[in-house]
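# A closer look at the structure
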Amino acid sequence: MDPYRGAKARINGSMIQANQGNLCVLVGHIQKASPSREMLTVVTSDNQIVNVDCGYGTFEVSEGCVELIVMVGGGGRLVAYAATSYGDQFDMANYNEAVMISAQHSALFGL
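Read on for an overview of the structure. Note that the structure is predicted; figures quoted are calculated from it, not measured.

Take the pairing of strand β6 (residues 78-87) next. Two elements, strand β4 (residues 49-53) and β6, share two bridges in a ladder whose sense is parallel. Note on β6: the bridge partner recorded for D53 is V79. In the sheet, strand β5 (residues 65-72) pairs with β6 via eight bridges, with the strands oriented antiparallel. Within the sheet, the bridge partner assigned to M71 lies in β6 and is V79.

As structure tokens, then:
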């Protein structure tokens, strides 16, 4: 599976349950990384705290804002396939507004 191919819904914490079984993009601020970086605790753009399993590889990203390509599993389990650092100067409130708009008009984004 190539996590970079195809359109993926951008989600926030409140959208996780509705996207079970889908590959999605989640942006958040890393609150905590396990010492091995196999698990991240992330504050989503709508201020929900989620745990992300980095079971498909550990990532160099361990602080700041991060974009994660995740598979949403049963019970809202998140497994990351890829991570991209956005640094510390990312406006999460504006991003969350964009996520909400993209969800309302998903057909425009090929979803």
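Under the definition given, this model contains two aromatic pairs. Between Y86 and F90, the ring centres sit 4.7 Å apart and the planes meet at 40 degrees, which makes this aromatic pair tilted. For F90, a relative accessible area of 27% puts it in the partly exposed group. Taking 5.6 Å as the distance between ring centres and 55 degrees as the angle between the ring planes, the aromatic pair formed by F90 and Y95 counts as tilted. Note on Y95: relative accessible area 9%, which makes it buried.

Conventions and cut-offs
Residues numbered from 1 in each chain as written. Predicted model: local features only at pLDDT ≥ 70, side-chain atom pairs only at ≥ 80, totals over all residues. Heavy atoms only, no water. Pairing = 2+ DSSP bridges. Helix = DSSP H or I, 4+ residues; strand = E, 2+ residues; numbered from the N terminus. Phe/Tyr/Trp six-rings, centres within 6.5 Å; stacked < 30°, edge-to-face > 60°. Buried < 20%, exposed > 50% of the residue type's maximum accessible area, 1.4 Å probe, protein only.

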